Amino acid sequence: LNTRVYFPNQRKKDFDVIARKICEKNETMYISLISEQEKLDWVKKYQYVDGIHPNDEGYQWMLEQVRPHILKYLEN
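A brief look at the structure comes next. (Residues numbered from 1 in each chain as written. Predicted model: local features only at pLDDT ≥ 70, side-chain atom pairs only at ≥ 80, totals over all residues. Heavy atoms only, no water.)

1. Brief notes about the overall build of the protein
When its secondary structure is counted, the protein shows 3 helices and 0 strands. Listing every helix and strand of the protein by position from the N terminus yields α-α-α. Counting contacts in the protein only where the partners sit at least 6 residues apart, residues at least 24 apart contribute 46% of the total. Accessible surface for the protein amounts to roughly 6,500 Å². Of this, 55% is attributable to carbon and sulfur atoms. (Helix = DSSP H or I, 4+ residues; strand = E, 2+ residues; numbered from the N terminus. Contact = heavy atoms within 4.5 Å. Areas by Shrake-Rupley, 256 points an atom, 1.4 Å probe, with all protein chains shown as cover.)

Right, dumping it as structure tokens:
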């Protein structure tokens, strides 16, 4: 497990703010994937050794977070 992250937290927050603004401007749903509490689990369970990209389980976790929103949207 590599606990070194190459993508600083402030940079992630900056991207989050930008992504939210773009979604709002385009009237598109924004889904936040990582809460503050989940960050520690993310590093332990889902992060590849490069310090940013998820492993297979991480991509599965992301799908599980997004899927309910997509299905809800498709049902309407």
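2. A closer look at unusual backbone geometry
Positive phi, normally seen in glycine, also occurs at Glu 27, with a value near 50 degrees. Examined against the element boundaries, Glu 27 turns out to sit in the loop between helix 1 (9-25) and helix 2 (38-46). For Glu 27, a relative accessible area of 77% gives the class exposed. (Buried < 20%, exposed > 50% of the residue type's maximum accessible area, 1.4 Å probe, protein only.)

3. Remarks on helix 3 (residues 56-75)
Compared with an ideal rise of 1.5 Å per residue, which puts 20 residues at 28 Å, helix 3 spans 28 Å between its outermost C-alpha atoms and is within 8% of the ideal. The opening residue of helix 3 is Asn 55, an N-cap whose side-chain oxygen sits 3.1 Å from the backbone nitrogen of Glu 57. (Expected span 1.5 Å × (residues − 1). Polar contact = N/O pair within 3.5 Å; in protein donor to acceptor, adjacent residues only side chain to side chain.)

4. Topic: a nonpolar patch on the surface
Residues Met 29, Ile 70, Leu 71, Tyr 73 and Leu 74 make up a contiguous nonpolar surface patch of about 550 Å² in total accessible area. With respect to the helices and strands, the residue Leu 71 is situated in helix 3. (Patch = residues over 30% accessible without salt bridge, like charges linked within 9 Å, V, L, I, M, F, W, Y side chains within 5 Å. Salt bridge = Lys/Arg side-chain N within 4 Å of Asp/Glu carboxyl O.)

5. With respect to the side chain of Asn 55
Assignment of secondary structure puts Asn 55 in the loop between helix 2 and helix 3. Of the polar contacts made by the side chain of Asn 55, one reaches the backbone nitrogen of Gly 58; its length is 2.8 Å.

By themselves these figures say nothing about function.
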